[in-house]
Structure formats: C-alpha cells, structure tokens
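Coordinate analysis (summary)
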Amino acid sequence: RETSLYVKIILVTCLLVTAMATLLTQSRGTLIAAVIAFIILIPKNKKTMIVFSILFIIGVGITPGLKNRLDLTTALRDARVGINLTTLEIIKSYPIIGIGFGMETYGNKSLLDLKKYNARIPSKYRQTTIITAPHNVLLDITVRTGIVGLALYVYILFTFVKMVWMTIMHGKNDFIRDSGVCIMAAFVGIFIQGIFADGMFGPQAIVLYTVFAMMTILYGLGNNTKDLNFD
C-alpha cells in the first residue's frame, strides 16, 4: 500500500534480507512458520504474497542442503525428537504443577537428573549430549508449570484468537480488520516457530508479548473507540 518509491525500496530490501537469513539458517520450524503466515496474508494481499511465496519456494529449492533438511526421514532423526521425548518423561513424573517455573529449573542438576529421563526413551533417540532446554514452547510450559500452567496458557491463546477473529470479522474499518489479519499472521509464525525451539524467554518471548499487546490495543480501538479514521 505504500506509495513512496523510496519507502518501497527500503521495505523490500528489509524483506529480502530477512527472507535470505531465514533460508540460510535452514531452520525447518521457521520455514514452516513463514509459509503458513504467507497463507494467512494471501486473502488480503493476493498479488504481493503469491509473488513473494513463489520466490521463497524457489529460494528453498536453490539453497544448498535445504531440501535435505526438509526431508521427513531427516526430520525424524533430528535431535529435537530425543529432547522432546526426554521432556515428556519428566512431565510424567511431575504432571500437575511441573518442576517449578524458572529459567534454570530444567537444567539444574541438583533439581533434575536429565540423564535418568534420557535413559528411559528408546535408544535410537537418546541424546549423547543432554540439552538443557525442551525446545518446544508447549512442552516447556508443561514441564515447568504442569497441566495447570498449560491449561492457563491455552486459555490465553484461545482468548487472543477470539479477539483476533472478532476484530477481523467485525472491525469498524479496513485498517482495523487488515491489521487484525497482520497480527494473526505474526502470531501464527511466532507460535509455530516456538514448537521447534524455545519461545518463552529472551527475544522470542518479548516478540510474543508485543504481539499480544498490539492485539489488545487494536481490539480496544476496533470495538470501543468512535469517530476515528484509521484509513
């Protein structure tokens, strides 16, 4: 929608740099997140997103080694399988309230013997070097706060999605509705990437909380504020 050529060039340059960084890191989770975010954005930005999606797919095809990374057999041999299975074993031992909320509880040797839980999983998935983080946002929350914490977190997600849906479907003007689509795409990308990596601390958590805050503000503007022109 930007009309200034100068600004368009800056935006496209930033987009290309980000896309190249995504491709070159060869992160499966990030690639899957990006594709699904594209799909969400397509209805409102058909031409732009279709062209960019085609270029992105071409980029995946020509990036050395990336196609092998996306192979299902390779994915099933990924270290994350062992990490996730180890985390599930811990959850079985602490199902209700978890091991305790904190940045270092999972890797605290005096609190948790990860080697013991790693030994319980099938030998082909056992970690040779124990990773002291779950690398999955849902498992991360569950292992630290149990089923109680997971239920509360899922309720937060449900509330967020409900607010987005109401904003997209019943927003007062195009700005509100289109911004709702944009925020939803951002959330889906972050959440899916978090399924393959740690997402509840550091920069990842800051981005997620920022998206929640933006949606809260947009929801308030779209439903409670009158006589404002956002177009």
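Every value quoted in this text rests on a predicted model; they were computed, and no experiment measured them.

1. Topic: the overall build of the protein chain
The helix and strand inventory of the protein chain stands at 10 helices and 0 strands. Overall, the protein chain shows an N-to-C arrangement of helices and strands of α-α-α-α-α-α-α-α-α-α. Evaluated residue by residue, the protein chain yields a buried proportion of 36% over its 231 residues. At a minimum sequence separation of 6, the contacts of the protein chain that also span at least 24 residues come to 72%. Looking at the protein chain as shown, the accessible area adds up to about 14,000 Å², and 70% of this sits on carbon and sulfur atoms.

2. Focus: helix α1 (residues 5–25)
In this model, α1 (21 residues) spans 30 Å end to end at C-alpha, consistent with the 30 Å of a helix rising 1.5 Å per residue. One or two residues past the end of α1 sits Q26, with phi positive at roughly 55°.

3. As for the packing of helix α6 (residues 79–93) against helix α8 (residues 137–170)
Contact geometry for α6 and α8: axes closest at 9 Å, N-to-C directions at 25°. For the element pair α6 / α8, the angle class is roughly parallel. Between α6 and α8 the crossing geometry is left-handed. Between α6 and α8, the contacting residues are N84, T87, L88, I90 and I91 on the first element and L139, T142 and V143 on the second. The class makeup of the residues in the contact of α6 with α8 is 5 nonpolar, 3 polar and no charged.

4. A look at the pattern of salt bridges
When charged atoms on two side chains of opposite charge get close, those side chains can pair. If you walk through the whole model with that rule in mind, you get 3 salt bridges. Across the pair E89 and K92 runs a salt bridge, and its minimum N-O distance is 3.2 Å. Note that E89 and K92 are positioned in helix α6 at a spacing of 3 residues, about one turn of the helix. With a relative accessible area of 15%, E89 lands in the buried category. Across the salt bridge formed by D174 and R177, the nearest N and O atoms sit 2.5 Å from each other. Of this pair, D174 and R177 both sit in helix α9 (residues 174–195), separated by 3 residues, roughly a single helical turn. The class for D174 is partly exposed, based on a relative accessible area of 43%. Take R177: its relative accessible area is 22%, and that puts it in the partly exposed class.

5. Examining the nonpolar core
Membership of the largest hydrophobic core comes to 19 residues, with the highest contact counts inside it found for Y153, F160, I183, M184, F187, F212 and M215. With 7 residues, the single largest contributor to this core is α8. Contact partners of M184, with chain neighbours within four places excluded, come to I40, F160, V161 and V164. Core analysis: the next-biggest nonpolar cluster, separate from the first, contains 12 residues, L31, M49, F56 and V181 among them.

How each quantity is defined
- Residues numbered from 1 in each chain as written.
- Predicted model: local features only at pLDDT ≥ 70, side-chain atom pairs only at ≥ 80, totals over all residues.
- Heavy atoms only, no water.
- Helix = DSSP H or I, 4+ residues; strand = E, 2+ residues; numbered from the N terminus.
- Buried < 20%, exposed > 50% of the residue type's maximum accessible area, 1.4 Å probe, protein only.
- Contact = heavy atoms within 4.5 Å.
- Areas by Shrake-Rupley, 256 points an atom, 1.4 Å probe, with all protein chains shown as cover.
- Expected span 1.5 Å × (residues − 1).
- Axes fitted to C-alpha atoms, helices over the stretch in contact; angles between N-to-C directions.
- Parallel < 35°, antiparallel > 145°, perpendicular 65-115°, else oblique.
- Left-handed = near helix turned anticlockwise from the far one by under 90°.
- Nonpolar A, V, L, I, M, F, W, Y, C, P; charged D, E, K, R; others polar.
- Salt bridge = Lys/Arg side-chain N within 4 Å of Asp/Glu carboxyl O.
- Core = buried A, V, L, I, M, F, W, Y, C linked by side-chain atoms within 4.5 Å.

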